[in-house]
Amino acid sequence: MFVRIVKLSFEPSKVESFLSIFNSKKEQIRNFEGCTFLELYRDKEHQNIFFTYSYWDNEHALQNYRHSDLFISVWSETKKLFNAKPEAWSVDKLERLP
């Protein structure tokens, strides 16, 4: 399984704007072809730092999303809110213990 982890750091005054964007688009992102899982996490100490975890059928599915109108519109709104450069990791999920 192909997993994408993205760290997002926002201006504290822009957090509610980000959450509004995420909440309005999360179903579309999750239902994008090839996406099988989507979660949003918030740092316990720094309330303006978030992480998204998404599972994809394969890297090609993620690339299709990253070139889609949906991603372009979400990213263009979201990137205005950052206070640091986003960080992203693409990893292969090797094991899961229930």
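The rules behind these values
Residues numbered from 1 in each chain as written. Predicted model: local features only at pLDDT ≥ 70, side-chain atom pairs only at ≥ 80, totals over all residues. Heavy atoms only, no water. Axes fitted to C-alpha atoms, helices over the stretch in contact; angles between N-to-C directions. Helix = DSSP H or I, 4+ residues; strand = E, 2+ residues; numbered from the N terminus. Parallel < 35°, antiparallel > 145°, perpendicular 65-115°, else oblique. Contact = heavy atoms within 4.5 Å. Nonpolar A, V, L, I, M, F, W, Y, C, P; charged D, E, K, R; others polar. Polar contact = N/O pair within 3.5 Å; in protein donor to acceptor, adjacent residues only side chain to side chain.

Structural notes on the packing of helix 1 (residues 15-30) against helix 3 (residues 69-78)
At step 1: Close contact between helix 1 and helix 3 brings their axes to 11 Å; oriented N to C, the two are set at 170 degrees. The orientation of helix 1 relative to helix 3 falls into the category roughly antiparallel. Contacts between helix 1 and helix 3 involve Phe18, Ile21, Lys25, Gln28 and Ile29 from the former and Leu70, Val74, Glu77 and Thr78 from the latter.
At step 2: Classifying every residue of the contact of helix 1 with helix 3 by side-chain character gives five nonpolar, two polar and two charged.

Focus on the environment of Ser9
At step 1: Position of Ser9 among the secondary structure elements: in strand 1 (residues 2-9).
At step 2: Expressed as a C-alpha distance, the spacing of Ser9 and Leu19, which sit 10 residues apart in the sequence, is 12 Å.
At step 3: Of the polar contacts made by the side chain of Ser9, one reaches the side chain of Asn83; its length is 2.6 Å.

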